[in-house]
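Remarks on the overall topology
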Amino acid sequence: MFNAKAYAAAAATSPLAATTVARRHPTGHDVQIEILFCGICHSDLHQVRNEWSNVMPTVYPCVPGHEIVGRVTKVGSAVTGFKPGDLAAVGCMVDSDRTCPECQAGLEQFCPNMTLTYNFPDKHLGGVTYGGYSDNIVVDESFVLRVPSNLSLAGAAPLLCAGITTYSPMRHWCVSKGKKVGVVGLGGLGHMGVKFAHALGAHVVVFTTSPGKKDDAIRLGADEVVVSRDANQMQKHVGSFDFILDAVAADHDIDSYIQLLRRDGNLTLVGAPEKPLAVAAFNLIFGRRSLSGSPIGGIRETQEMLDFCGAHNITADVEVIPIQKVNEAYDRLLRSDVKYRFSIDMASLKSE
Ligand code: NAP
Ligand code: ZN
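Residues numbered from 1 in each chain as written. Chains lettered and ligands numbered in written order. Predicted model: local features only at pLDDT ≥ 70, side-chain atom pairs only at ≥ 80, totals over all residues. Heavy atoms only, no water.

1. Points about the overall build of the protein
- Per the secondary structure count, the protein includes eleven helices and 16 strands.
- Its C-alpha atoms give the protein a radius of gyration of 20 Å, within 12% of the compact-globule value 20 Å for 352 residues.
- If you line up the protein on its principal axes, its C-alpha atoms span 60 × 40 × 40 Å.
- Counting every position in the protein, which comprises 352 residues, the buried fraction comes to 56%.
- The long-range share in the protein, meaning contacts at least 24 apart out of those at least 6 apart in sequence, stands at 67%.
- Approximately 14500 Å² of the protein is accessible, and the part contributed by carbon and sulfur atoms is 53%. (Helix = DSSP H or I, 4+ residues; strand = E, 2+ residues; numbered from the N terminus. Rg over C-alpha atoms; globule rule 2.2 N^0.38 Å. Buried < 20%, exposed > 50% of the residue type's maximum accessible area, 1.4 Å probe, protein only. Contact = heavy atoms within 4.5 Å. Areas by Shrake-Rupley, 256 points an atom, 1.4 Å probe, with all protein chains shown as cover.)

Written as structure tokens, this is what we have:
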């Protein structure tokens, strides 16, 4: 074991602060990565503040971070895919059982024995896994991704969660040319959703509560922007969408979006608000509309997404911050005040 520097929350109400955590030395198929950038996902905030206590109660200290890019520094003797000096990335998962039908299908995100990157039982050291707000991480090579060399590293980090979480359902629901696609909530996930829907050729409509984000939405690839608090603007789109991606982190009126779907249209929820959302049965019944959810994506599809981003030159729009600003960044995330993802420059951790 060795000590890695990290930022952790000691309790649901504590700010994150510098600490050290134990990491295993790389053996066998392990890859040790010096973390260069880590994105801040709203899930980090939900988890740190124990807002998902019913489903995934937080174990403290909690080191969040699952949008990781860095450079390989050491590899175990059985590693074949990576060598010291390579760029590497890690997303929301660090292991799975690799034998169940989900793993066999390349859908490790549904494996009953999957290990999340943080706040999950650590099979190697006991306790829980610690995430990317850290200077180093050690991960089995099967869960390490390759970063296309043309992408900026700070902007590539958020692809590992915000990217795959929006790309995967869009591929599943066949977003393509000729489809009318809505993206609700122009935050970290939402802005990636706009970029992907546009790159896949769809007609993209952004729904935002922030009128000040209108110009950005168009720049990011939207064809239309609707300020969702304006009922007249919403009314114009009733019954017209093939697919809507809902990436809102807080309580909101999901019914007002279900009504916008055409016959057999689908709304996929990727946002994970703390409290349940109310759905009126008849909004689904009339029009045979469907409501579903989607978690991140499998390893194979995550690599496909990264390669798609390399080919289309897609990265997240990021505000790079030092780790010392992470608590301020969380407060700003709650005010929807980020354009459009914070990416932590992990070199800042060296001074702690
Ligand atoms: P984010 O950057 O904070 O973006 C959320 C956006 O939602 C905001 O920018 C805002 O957009 C909108 N919003 C916020 N409060 C709202 C309110 N009260 N009513 C209506 N709209 C509101 O968050 P994120 O990192 O993109 O994450 C979004 C959600 O996805 C979180 O709940 C996160 O935990 C979840 N998530 C799920 C998965 C998965 O696998 N399914 C993966 C990652 C994240 P406007 O200003 O445009 O309105
Ligand atoms: Zn995330």
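Moving on from the model shown.
2. Topic: the coordination of the zinc ion (ligand 2)
- Looking at the zinc ion (ligand 2), the protein donor atoms are Cys41 (SG), His66 (NE2) and Cys161 (SG), and they sit 2.0 to 2.2 Å from it.
- Sequence spacing of the donors to the zinc ion (ligand 2): C-x24-H-x94-C. A residue pair is termed long-range when its members are at least 10 positions apart, and Cys41 in the loop between β3 (30–40) and α1 (42–48) and His66 in the loop between α1 and β4 (68–75) qualify at 25 residues.
- Assessed through its relative accessible area of 3%, Cys41 is described here as buried. (Donors = N, O, S within 2.8 Å, 3.2 Å for Na, K, Ca; no water.)

3. Some thoughts on helix α11 (residues 326–334)
- For α11, the complete set of buried residues consists of Val326, Ala329, Tyr330, Arg332 and Leu333. Down the axis of α11, the sector holding all buried residues measures 165°, keeping them to one side.
- Buried residues in α11 make contact with β1 (2–9), β2 (16–23), β3, α1, β15 (318–322) and β16 (341–345).
- Ser336 sits one or two positions beyond α11 and adopts a positive phi of about 55°. (Arc of directions from axis to C-beta.)

4. Description of the domain arrangement of the protein
- Taken as a whole, the protein is organised into domain 1 (2–161 + 317–351) and domain 2 (163–293).
- For domain 1 and domain 2, the distance between their C-alpha centroids amounts to 28 Å.
- Tallying the contact residues gives 13 residues for domain 1 and 18 residues for domain 2.
- Approximately 1400 Å² of surface area, both sides summed, lies buried where domain 1 meets domain 2, with 50% of it carried by carbon and sulfur atoms.
- The largest share of the area that domain 1 buries against domain 2 comes from Cys161, Asp317 and Tyr340, three residues that together contribute 44% of it.
- Viewed at the interface, domain 2 and domain 1 are joined by three salt bridges. (Domains from an automatic or database assignment. Buried area = accessible area lost by both parts, 1.4 Å probe. Salt bridge = Lys/Arg side-chain N within 4 Å of Asp/Glu carboxyl O.)

5. Some remarks on a nonpolar patch on the surface
- On the surface, Phe282, Ile285 and Phe286 cluster together into a nonpolar patch covering about 370 Å² of accessible area.
- Note on placement: Phe282 falls in helix α9 (residues 281–285). (Patch = residues over 30% accessible without salt bridge, like charges linked within 9 Å, V, L, I, M, F, W, Y side chains within 5 Å.)

6. Let's talk about the environment of Gly178
- Positionally, Gly178 belongs in the loop between α4 (162–172) and β9 (180–184).
- Note on Gly178: relative accessible area 73%, which makes it exposed.
- With 137 residues separating them along the chain, Gly178 and Thr315 place their C-alpha atoms 24 Å apart.
- Not counting the four nearest positions on each side in its chain, Gly178 is found in contact with Gly201 and Asp242.

7. Description of the site of ligand 1
- Inspection of the region around ligand 1 gives 30 residues, with Thr208, Thr209, Ser210, Lys213 and Arg341 positioned closest.
- The separation between an oxygen atom of ligand 1 and a polar side-chain atom of His46 is 2.8 Å.
- Here ligand 1, which alone exposes 920 Å², has 89% of that area covered by the protein.
- Listing elements by their share of the shell around ligand 1, those giving two or more residues are α1 and α5 (188–199).
- Element by element, the count of residues in the shell around ligand 1 is highest for α1, at three residues.
- Per-class residue counts for the shell around ligand 1 are 14 nonpolar, 13 polar and three charged.
- Residues lining the shell around ligand 1 come from more than one domain, with at least three contributed by each of domain 1 (2–161 + 317–351) and domain 2 (163–293). (Near = heavy atom within 4 Å. Polar contact = N/O pair within 3.5 Å; in protein donor to acceptor, adjacent residues only side chain to side chain. Nonpolar A, V, L, I, M, F, W, Y, C, P; charged D, E, K, R; others polar.)

8. Re the nonpolar core
- Counting 99 residues, the largest nonpolar core has Ile40, Val69, Tyr133, Leu159, Met170 and Phe196 as the members making the most contacts within it.
- Looking at this core, you find at least three residues from each of domain 1 (2–161 + 317–351) and domain 2 (163–293).
- If near-sequence neighbours (up to four positions away) are discounted, Ile40 is found in contact with Glu67, Tyr133, Ile321, Val326, Ala329, Tyr330, Leu333, Arg341, Phe342 and Ile344.
- Ranked by size, the runner-up nonpolar core spans 14 residues in total, among them Val226, Ile258, Leu261 and Leu267. (Core = buried A, V, L, I, M, F, W, Y, C linked by side-chain atoms within 4.5 Å.)

9. Brief notes about the packing of α4 against α5
- Where α4 contacts α5, the axes come no closer than 8 Å and their chain directions differ by 45°. On the basis of their axis angle, the class for α4 and α5 is oblique. Considering only the axes of α4 and α5, their crossing is right-handed. In this structure, α4 contributes Ala162, Gly163, Thr165, Thr166, Tyr167 and Met170 to the contact, and α5 contributes Gly188, Leu189, Met192, Gly193, Phe196 and Ala197. (Axes fitted to C-alpha atoms, helices over the stretch in contact; angles between N-to-C directions. Parallel < 35°, antiparallel > 145°, perpendicular 65-115°, else oblique. Left-handed = near helix turned anticlockwise from the far one by under 90°.)

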